[in-house]
Amino acid sequence: MLTCTLTASPRGAISLAEMQESDLVLADINMPEMSGFDMATLLNGDSARRWTQVIFKSSSNDGRTMRDAFGVGAVDYLVKPFTRGH
């Protein structure tokens, strides 16, 4: 069964990952409190949560930002705004 839990902050996402087994975190890079990169680094640095998949969404489509995202363990990177595929 698929369950989706929403939170409004990176610290909230980390807390949720601590309380329940999370398979996926979808996060922006620019967030209040800490960047998505910092959040992913914390998630992936904890051996209990190391296998949590992180997908970033951002309006930035430059190569350096994308490389940095994958460098902190992202499994995918989505550029906003999204377009509907056909």
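Residues numbered from 1 in each chain as written. Predicted model: local features only at pLDDT ≥ 70, side-chain atom pairs only at ≥ 80, totals over all residues. Heavy atoms only, no water.

Right, let's get into the sheet that holds strand β2 (residues 53-58). Ordered in space as β1-β2-β3, the three strands form an open sheet in which the pairing is parallel. Where the open sheet ends on each side, the last strands, each with one partner, are β1 (24-28) and β3 (74-79). Mean inter-strand twist for the sheet, computed between neighbouring axes without regard to direction, equals 20 degrees. With five bridges joining them, β1 and β2 adopt parallel strand pairing. Residue pairing for β2: V25 is matched across the bridge by V54. Relative to β2, helix α2 (residues 36-45) is tilted by about 180 degrees, and along the sheet it contacts β1 and β2. Most of the contacts of helix α3 (residues 63-71) go to β3, to which it runs at about 150 degrees, and overall it touches β2 and β3. (Pairing = 2+ DSSP bridges. Helix = DSSP H or I, 4+ residues; strand = E, 2+ residues; numbered from the N terminus. Axes fitted to C-alpha atoms, helices over the stretch in contact; angles between N-to-C directions. Contact = heavy atoms within 4.5 Å.)

Right, let's talk about unusual backbone geometry for a bit. With an omega dihedral of -5 degrees, the bond running from K80 to P81 counts as a cis peptide bond. Looking at where P81 falls in the secondary structure, it is placed in the segment after β3.

Looking at where D28 falls in the secondary structure, it is placed in strand β1. Residue classification places D28 among the buried positions, given a relative accessible area of 15%. In this structure the side chain of D28 is engaged in a polar contact, spanning 2.7 Å, whose partner is the side chain of K80. Residues contacting D28, with those up to four places away along its chain left out, are G36, F56, K57, S58 and K80. (Buried < 20%, exposed > 50% of the residue type's maximum accessible area, 1.4 Å probe, protein only. Polar contact = N/O pair within 3.5 Å; in protein donor to acceptor, adjacent residues only side chain to side chain.)

This next bit is on α3. Capping the start of α3 is the job of one residue whose side-chain oxygen sits 3.2 Å from the backbone nitrogen of R64: D62. Phi for G73, located one or two positions after α3, is positive at around 105 degrees.

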